[in-house]
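If you want the building blocks of each chain, they are given just below.
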Amino acid sequence: MDCGECDQSSIDVNQWLQKDNSMISPQGVSLEEEIRLLRKWMERLVDEEQSFTTEVVIAISTLLDLKINEFMKKQER
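Computed from a predicted model, the values in this text were never measured in an experiment.

**What to know about the overall build of the chain**
For step 1, the next point in the chain: When you go through the chain residue by residue, the secondary structure sums to two helices and zero strands.
For step 2, the next point in the chain: By the burial criterion, 29% of the 77 residues in the chain qualify as buried.
For step 3, the next point in the chain: Sequence separation of 24 or more characterises 58% of the internal contacts of the chain that already satisfy a separation of 6 or more.
For step 4, the next point in the chain: Surface summary for the chain: the accessible area is close to 5400 Å², and the carbon and sulfur share equals 49%.

**Quick look at the nonpolar core**
As a rule of thumb, nonpolar side chains are buried together in soluble globular proteins.
For step 1, the next point in the chain: Grouped together as the largest cluster of nonpolar side chains are eleven residues: Leu 31, Ile 35, Leu 38, Trp 41, Met 42, Leu 45, Val 46, Val 57, Ile 60, Leu 63 and Leu 64.
For step 2, the next point in the chain: Looking at this core, the elements that each hand over two or more residues are helix H1 (31-49) and helix H2 (55-76).

**A short note on the confidence of the model for the chain**
For step 1, the next point in the chain: Mean pLDDT for the chain: 76, with 65% of residues reaching 70 or above.
For step 2, the next point in the chain: Here residues 1-5 scores under 50 on pLDDT; set against residues more than four positions off or in separate chains, the count is ten contacts.
For step 3, the next point in the chain: Scored below 50 in pLDDT, residues 18-22 shows three contacts in the model against residues more than four places distant or in partner chains.

**A short note on H1**
For step 1, the next point in the chain: Taking 1.5 Å per residue as the helical rise, H1 with its 19 residues ought to reach 27 Å, and the 27 Å between its terminal C-alpha atoms agrees with that figure.
For step 2, the next point in the chain: Here H1 has its buried residues at Leu 31, Glu 34, Ile 35, Leu 37, Leu 38, Trp 41, Met 42, Leu 45 and Val 46. Axial view of H1: buried residues confined to an arc of 165°, hence all on one face. More than 90 degrees from the buried face of H1, the exposed residues found are Asp 47 and Glu 48.
For step 3, the next point in the chain: Looking at the buried positions of H1, the neighbouring elements they touch are H2.
For step 4, the next point in the chain: Two residues or fewer past H1, Gln 50 is found with a positive phi of approximately 55°.

**Focus: the packing of H1 against H2**
For step 1, the next point in the chain: Following both chains from N to C, one finds H1 and H2 inclined at 155°, their axes separated by 9 Å at the closest point. Between H1 and H2, the angle falls in the class roughly antiparallel. In this structure, the crossing between H1 and H2 has a hand that is left-handed. From H1, Leu 31, Glu 32, Glu 34, Ile 35, Leu 38, Arg 39, Trp 41, Met 42, Leu 45, Val 46 and Glu 49 reach across to H2, where they touch Val 56, Val 57, Ile 60, Ser 61, Leu 63, Leu 64, Lys 67, Ile 68, Glu 70, Phe 71 and Lys 74.
For step 2, the next point in the chain: The residue inventory of the contact of H1 with H2, partitioned by class, reads 14 nonpolar, one polar and seven charged.

Cut-offs used in this document
Residues numbered from 1 in each chain as written. Predicted model: local features only at pLDDT ≥ 70, side-chain atom pairs only at ≥ 80, totals over all residues. Heavy atoms only, no water. Helix = DSSP H or I, 4+ residues; strand = E, 2+ residues; numbered from the N terminus. Buried < 20%, exposed > 50% of the residue type's maximum accessible area, 1.4 Å probe, protein only. Contact = heavy atoms within 4.5 Å. Areas by Shrake-Rupley, 256 points an atom, 1.4 Å probe, with all protein chains shown as cover. Core = buried A, V, L, I, M, F, W, Y, C linked by side-chain atoms within 4.5 Å. pLDDT = per-residue confidence, 0-100. Expected span 1.5 Å × (residues − 1). Arc of directions from axis to C-beta. Axes fitted to C-alpha atoms, helices over the stretch in contact; angles between N-to-C directions. Parallel < 35°, antiparallel > 145°, perpendicular 65-115°, else oblique. Left-handed = near helix turned anticlockwise from the far one by under 90°. Nonpolar A, V, L, I, M, F, W, Y, C, P; charged D, E, K, R; others polar.

Encoded structure:
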């Protein structure tokens, strides 16, 4: 998925969360690609909204932090 497709209509934060709030990856997407997509999506929204503090930007930022932490833990192994 190209970042041009990274908008609220094509990506939903809930796509990365299960009912119990455990993390899942969208099917067929590597962790590195998830991080890249989330970062691009967040950057685009910050640019569009001219704010770091909108609800959706904070939600994506939080999810991005979780994914980066997950990636770093995998690298330690």
